[in-house]
Amino acid sequence: MSNISLINQIIFLLLFLLIFSAKLDSNRLNQVLLAKHNEYRKKHGVPELTLDNELIKIATDYSAALAYKTDKFSVKPSGNKNKNKENLGENIFTCTSVIKTSCYNVESTSPVDEWYNEIKNYDFSSPKFSINTARFSQVIWKETTKMGCGASVKDDDGVTYKVVCNYYTAGNVLGHYGDSVPNLTEYDRFILLNNFSFILILLLLL
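What counts, and where the lines are drawn
- For every chain, the first residue of the written sequence is number 1, and numbering continues from 1 onward in sequence order.
- Residue-level local features of this predicted model are given only where pLDDT is at least 70; pairs of side-chain atoms are given and counted only at 80 or more, and the full residue set underlies all totals for whole chains, interfaces and linings.
- Side-chain figures throughout are based on the complete set of non-hydrogen atoms in the structure, without hydrogens or water.
- Put simply, DSSP marks the helices as runs of H or I at least four residues long and the strands as runs of E at least two long, and each gets a number from the N terminus on.
- Only protein chains enter the accessibility calculation, which uses a 1.4 Å probe; a residue whose area is less than 20% of its type maximum is buried, one above 50% is exposed, and one in between is partly exposed.
- Contacts between residues were defined by any pair of non-hydrogen atoms, one from each residue, lying within 4.5 Å.
- We get accessible surface area from the Shrake-Rupley algorithm with a probe of 1.4 Å; when it comes to residues, only the shown protein chains can shield them.
- In this description, a disulfide is simply a cysteine sulfur pair whose atoms lie within 2.5 Å.
- Nonpolar core, defined: a set of buried Ala, Val, Leu, Ile, Met, Phe, Trp, Tyr and Cys residues in which side-chain atoms within 4.5 Å join the residues together.
- If DSSP finds at least two bridges between two strands, the strands pair.
- A helix is expected to span 1.5 Å multiplied by its residue count minus one.
- Within this analysis, the arc is defined by the directions that extend from the helix axis to the C-beta atoms.
- Identification of polar contacts relies on pairs of N or O atoms within 3.5 Å, with a donor-acceptor requirement for protein atoms, meaning one able to donate a hydrogen and the other able to accept it, and with residues adjacent in sequence counted only if both atoms are side-chain atoms.
- Patches here are clusters of residues that have more than 30% relative accessible area and form no salt bridge, with a 9 Å joining cutoff for like charges and a 5 Å cutoff for nonpolar side chains (Val, Leu, Ile, Met, Phe, Trp, Tyr).
- Salt bridge, as used here, is a side-chain nitrogen of Lys or Arg placed within 4 Å of a carboxyl oxygen of Asp or Glu.

Caption draft 1: Focus on the overall build of the protein. When you go through the protein residue by residue, the secondary structure sums to six helices and four strands. Starting at the N terminus and walking to the C terminus, you meet the elements of the protein as α-β-α-β-α-α-β-β-α-α. Every one of the 206 residues in the protein was classed for burial, and the buried ones make up 36%. In the protein, the proportion of contacts linking residues at least 24 apart, taken out of those at least 6 apart, comes to 72%. For the protein, the accessible surface area stands at approximately 12,800 Å², while carbon and sulfur atoms represent 60% of it.

Shown next as structure tokens:
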């Protein structure tokens with residue numbers, strides 16, 4: 001076998017592995033983010049989400065379009081709709097680092113954790129839209145039933161990792177926050193209060 005033939009076979013194998021790995025990454029990414037969404041939704045007593053292939057493709061395409069947009073002001077909602085021309089919900093996550101492994105990790109739940117952590121700014125006694133809590137409210141929006149996510153990586157001098165998740169039906173509908181963004185269940189409020197009390201006592205003892 002000639003060296004050229006051997007090199008061609010190696011190149012073909014590498015391309016095959018690259019394509020296959022990307023597919024596995026997309027599948028794993030969606031499974032991990034779905035599980036984390038449903039973990040948080042359970043705390044609020046709302047139904048679980050399921051994955052939707054159309055939403056995965058829409059999110060993947062938009063994440064690719066965002067790959068080289070490093071200016072945060074250029075990362076805007078896509079305004080995407082599904083095949084029935086219905087509005088979709090959307091959350092976007094960006095991580096930038098000089099160390100690739102600190103950002104690009106399909107096992108990471110960081111995108112959903114970041115979105116959900118906006119709960120600290122949400123006032124359940126006066127439920128309404130806020131730009132500071134819109135990603136949280138979409139994560140647990142009661143009427144949402146399906147989701148799909150996609151990711152892109154810009155890897156040159158550092159790495160910029162973007163994750164887009166799309167949702168159906170769309171959340172953040174004005175006038176529906178009271179019913180669609182329920183508070184934590186009594187059990188989870190109890191756990192949260194006890195964790196806060198423990199941290200407070202620990203700080204006082206230091």
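Caption draft 2: Spatial organisation of the state of the cysteines. Summed over all chains, the structure comprises one disulfide. Across the disulfide, Cys149 is cross-linked to Cys165 (sulfur-sulfur distance 2.0 Å). Sign of the S-S torsion, about 100° for the bond between Cys149 and Cys165, identifies this disulfide as right-handed. Within this pair, whereas Cys149 is found in strand β3 (residues 146–155), its partner Cys165 is found in strand β4 (residues 159–168), the two being separated by 16 residues in sequence. Residue Cys149 shares its accessibility class with Cys165, and that shared class is buried.

Caption draft 3: Layout of the environment of Lys83. Here Lys83 shows up in the loop between α2 (53–65) and β2 (89–97). For the pair formed by Lys83 and Leu55, sequence separation is 28 residues and the distance between their alpha carbons is 10.0 Å.

Caption draft 4: Representation of the nonpolar core within the structure. Judged by nonpolar contacts, the single largest core of 28 residues is most densely connected at Leu33, Met147, Tyr161 and Cys165. Mapped by element, the contributors of at least two residues to this core are α1 (3–43), β2, α3 (110–116), α4 (134–140), β3 and β4. Setting aside anything within four residues of it in sequence, one finds Leu33 in contact with Ser108, Pro111, Val112, Met147, Cys149, Val163 and Cys165. In terms of nonpolar packing, the next biggest core, distinct from the first, is built from five residues, Ala59, Tyr62, Leu66 and Val164 among them.

Caption draft 5: Seen up close, the sheet that holds β3. The strand order across the open sheet formed by four strands is β1-β3-β4-β2, and the pairing between neighbours is mixed. Across the chains shown, the open sheet's two edge strands, defined by having one partner strand only, are β1 (50–51) and β2. In the sheet, β1 pairs with β3 via two bridges, with the strands oriented parallel. Paired with Leu51 across the bridge in β3 is Met147.

Caption draft 6: Molecular detail of α2. Taking 1.5 Å per residue as the helical rise, α2 with its 13 residues ought to reach 18 Å, and the 19 Å between its terminal C-alpha atoms agrees with that figure. Restricting attention to buried positions, one finds in α2 the residues Leu55, Ile56, Ile58, Ala59, Tyr62 and Ser63. One side of α2 carries all its buried residues, which in axial view fall inside an arc of 165°. In α2, the exposed positions that point more than 90 degrees away from the buried face belong to Asn53, Lys57 and Ala64. Taking the backbone nitrogen of Glu54 as reference, a side-chain oxygen 3.1 Å away marks Asp52 as the first, capping residue of α2.

Caption draft 7: Looking closely at a nonpolar patch on the surface. Together, Phe129, Ile131 and Leu174 make up a nonpolar patch on the protein surface, roughly 360 Å² of accessible area in all. Counting through the fold element by element, Ile131 comes out in the loop between α3 and α4.

Caption draft 8: Structural detail: the pattern of salt bridges. Enumeration according to the criterion identifies six salt bridges in this entry. Lys57 is paired through a salt bridge with Asp61; the nearest N and O atoms lie 2.8 Å apart. Here the residue Lys57 and the residue Asp61 both occupy positions in helix α2, the gap between them amounting to four residues, near one helical turn. What emerges from the salt-bridge pattern is a single network uniting Lys36, Glu39 and Asp113.

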